[in-house]
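The chain contents come next:
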Amino acid sequence: MEERVAERLHGALGPLGFEVHAFKVGWYNAVLQPAFHLPYPDDTLAFVVLSTPSMFDKALKPFVNKERLKIIRDPVDQCVSHHLSSVKEIFPDQKVDVIFDYEILPSRRPKFLAQTAAHVAGAAYYYQRKDVKLDPWGEKKIFGVCIHPKYGGWFAIRGLLLFPDVQVPFLEQSAPVDCVSTEEKRTELLELFNFHWQDGRYRDIIEVKERYSEEQKTYFSTPPAERFRLLGLTR
Ligand code: B12
């Protein structure tokens, strides 16, 4: 069952520059405090969706061109929302719940923790402060970061697709690739992500196969209000 769903998702989202990785809700809930749990039984089939560097050309630009005459608020969020929501059409007989990375609960907590989901699904290793033994940061708050074996930090975690009617008790978990394996490199990674994230060096902590184009880097480093101009939209 899981294979058939996964195949159809790859078929629909792969050509748009997205990657999908299956997991069971139970794997996710097992590492989190109850306040962050997803409210589904443990064996429920879910997928975490990543955008890879090619999403910009394969999905975002065509989306913006097509929607040119409509009011676009946030092109990336709307593009991702459009494509992930369209998945429902390829599963007309199945309930599909979609959660986006930017959605928050009334308690102000994110609806799901994207990095934890990426890690348990085997998509990208989530490096956290506790993965470093000799910790140089004292009282400072240190945020963790996921690194993808192929794209390093050049990707984003966009959402979850949940199939509440599909139970997969036998799904096998694959561990994420531990591509930043030394203590020195992990320390450097957390240092770069927390204190120099604007220069993007954390994204190249490993040798990557593909990264954002100069055009895409400029787009994401431009304040949202000015991004329309870069995509040829006037606002
Ligand atoms: Co931000 N941000 N963010 N962010 N942010 C996200 C984390 C995310 C995933 C968004 C995305 O891809 N769509 C990316 C990270 C991608 C990656 O990891 N490769 C992201 C990015 C890229 C950034 C920025 C670089 C800006 C940008 O370009 N967008 C900066 C860089 C950070 C910095 O300031 N140096 C940035 C900034 C921020 C601020 C505004 C500071 C806040 C606070 C950051 C934070 O709390 N991590 C922020 C938020 C709120 C988020 C957001 C929306 C929620 C994160 C959150 O609240 N986490 C996420 C998207 C999302 O998840 N929906 C993006 C809550 C805390 C408590 O979770 O620290 O992981 P946690 O703790 C849990 C785990 O430790 C888990 O339990 C804990 C909870 O109980 N756990 C686990 C315990 N044991 C174990 C064991 C294992 C094995 C595992 C897997 C888990």
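Computed from a predicted structure; not experimentally measured. (Residues numbered from 1 in each chain as written. Predicted model: local features only at pLDDT ≥ 70, side-chain atom pairs only at ≥ 80, totals over all residues. Heavy atoms only, no water.)

### Focus: the site of the ligand
Stated precisely, the cut-off is as follows: Proximity is defined per residue: if any heavy atom of the residue lies within 4 Å of a molecule or strand, that residue is considered near it. We call two N or O atoms a polar contact when they sit within 3.5 Å, provided that within protein one can donate a hydrogen and the other can accept it, with sequence-adjacent residues counted only if both atoms are side-chain atoms. Numbering goes from the N terminus for both helices and strands, where a helix is a DSSP run of H or I of at least four residues and a strand is a run of E of at least two.
In the vicinity of the ligand there are 25 residues, among which Asp101, Tyr126, Gln128, Lys130 and Cys146 approach most closely. Between the ligand and Val31, the relevant distance is 3.5 Å, taken from a nitrogen atom to a main-chain nitrogen or oxygen of the residue. Within the backbone of Cys146, one N or O atom sits 2.7 Å away from an oxygen atom of the ligand. Contributing elements (two or more residues each) for the shell around the ligand: helix H5 (114-120), strand E5 (145-147), strand E6 (156-167) and helix H6 (183-195).

### Some points on the pairing of E6
For a regular strand, side chains alternate in direction, first toward one face of the sheet and then toward the other. Let me state the cut-off plainly: Note on exposure labels: buried denotes an accessible area under 20% of the residue type's maximum, exposed denotes more than 50%, and partly exposed covers the range between, all computed with a 1.4 Å probe on protein chains only. Here, any two strands with at least 2 DSSP bridges between them count as paired.
For E6, the buried fraction is high: nine of the 12 residues fall into the buried class. Summarising the sheet, strand E3 (residues 97-100) and E6 pair through four bridges and their orientation is antiparallel. From the neighbouring strand, Val98 faces E6, where its bridge partner is Leu161.

### Brief notes about the confidence of the model for the protein
This is how the line gets drawn: By definition, pLDDT measures how confident the predictor is in each residue, and it falls between 0 and 100.
Of the residues in the protein, 98% reach a pLDDT of 70 or more, and the chain-wide mean stands at 94. Overall fold confidence for the complex sits at a pTM of 0.96, while the interface term, ipTM, reaches 0.98.

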